[in-house]
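Each chain, written out:
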Amino acid sequence: MLATVGMSIPMIVGTATGTAPMPEPIPKAVVTSVVGKGLPIPLIMVLAAGSHLAYGGIWAALLTQVTDRVTIWKGLALGLFLWLVMQVAFLPFIGWGLFGMGITPKIAVATLVLHMIYGGLVGWLVDRRTAT
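Residues numbered from 1 in each chain as written. Predicted model: local features only at pLDDT ≥ 70, side-chain atom pairs only at ≥ 80, totals over all residues. Heavy atoms only, no water.

Q: What is the right way to read helix α1 (residues 2-17) from this model?
A: Owing to its 3.6 residues per turn, the α-helix brings residues three or four apart onto one side. An ideal rise of 1.5 Å per residue puts 22 Å on 16 residues; α1 measures up with 23 Å between its terminal C-alpha atoms. By the largest-angle criterion, S8 marks the main kink of α1, which is about 25°, and a proline, P10, follows within four residues. Among all positions in α1, only A3, T4, G6, M7, S8, M11 and G14 are buried. G18 occupies a position one or two residues after α1 and carries a positive phi of about 80°. (Helix = DSSP H or I, 4+ residues; strand = E, 2+ residues; numbered from the N terminus. Expected span 1.5 Å × (residues − 1). Bend = angle between axes of the 7 residues up to and from the residue. Buried < 20%, exposed > 50% of the residue type's maximum accessible area, 1.4 Å probe, protein only.)

Shown next, in the form of structure tokens:
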């Protein structure tokens, strides 16, 4: 979950400053697509943050179960895999198209950077905890 927080900080800063190419945070857009716009925005944000943290934590935990030792390279590979899942599943689901092309191709690049931050942090944090 710490790695998810690490990738979320630049996403939040980019959204707050208007420098992010996404019209809204992707976890918020996913939650809104699932539950609709009828819920209060604070509740949508809590659901978005909670689901994003859980999703990142679950994938990191799965990585620890399928490999003998988590390394930064394996964490980066996980980040790349999750980025691809986002590009071909989540972004089309929320109506932004493959690789965000329905909005701007900059989304693909920005989210790749965020997922590499996540993967690098997963690899670094888990490797540090399991190294002997």
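Right, picking up where we left off after that structure.
Q: For this particular structure, what's the right way to read the packing of aromatic side chains?
A: For any pair of aromatic rings, the description rests on two quantities: the centre-to-centre distance and the angle between the ring planes. Per the stated rule, a full pass over the model turns up 4 aromatic pairs. An aromatic cluster is present here, built from Y55, W59, F81 and F90 joined pairwise through their rings. (Phe/Tyr/Trp six-rings, centres within 6.5 Å; stacked < 30°, edge-to-face > 60°.)

Q: Got a minute to help me understand the side chain of H115 in this structure?
A: With respect to the element layout, H115 can be found in helix α5 (residues 106-130). Residue classification places H115 among the buried residues on the basis of a relative accessible area of 8%.

Q: When you look at the side chain of T67 in this model, what are you seeing that I'm missing?
A: With respect to the helices and strands, the residue T67 is situated in the loop between α3 (41-66) and α4 (72-93). Polar side-chain contacts of T67 include one of 3.5 Å to the backbone oxygen of R69. A distance of 2.5 Å separates a polar atom in the side chain of T67 from a polar atom in the side chain of K74. (Polar contact = N/O pair within 3.5 Å; in protein donor to acceptor, adjacent residues only side chain to side chain.)

Q: What is the right way to read a nonpolar patch on the surface from this model?
A: Together, V34, V35, L43, V46, L47 and F93 make up a nonpolar patch on the protein surface, roughly 540 Å² of accessible area in all. Of all the secondary-structure elements, those providing two or more residues to the nonpolar patch are α2 (26-35) and α3. The element that contributes the greatest number of residues to the nonpolar patch is α3, accounting for 3 residues. In this structure, V35 sits in helix α2. (Patch = residues over 30% accessible without salt bridge, like charges linked within 9 Å, V, L, I, M, F, W, Y side chains within 5 Å. Areas by Shrake-Rupley, 256 points an atom, 1.4 Å probe, with all protein chains shown as cover. Salt bridge = Lys/Arg side-chain N within 4 Å of Asp/Glu carboxyl O.)

Q: Could you clarify how one ought to interpret the pattern of salt bridges in this entry?
A: Pairing between side chains of opposite charge can happen when their charged atoms approach one another. Under the definition given, this model contains 2 salt bridges. A salt bridge links K28 to E24; its shortest N-O distance comes to 2.9 Å. Using a relative accessible area of 23% as the deciding quantity, one classes E24 as partly exposed. Taking the shortest distance from any N to any O, the salt bridge between R69 and D127 comes out at 2.8 Å. Of the two residues, R69 is situated in the loop between α3 and α4 and D127 in helix α5; the sequence distance between them amounts to 58 residues. Given a relative accessible area of 40%, R69 falls into the partly exposed group.

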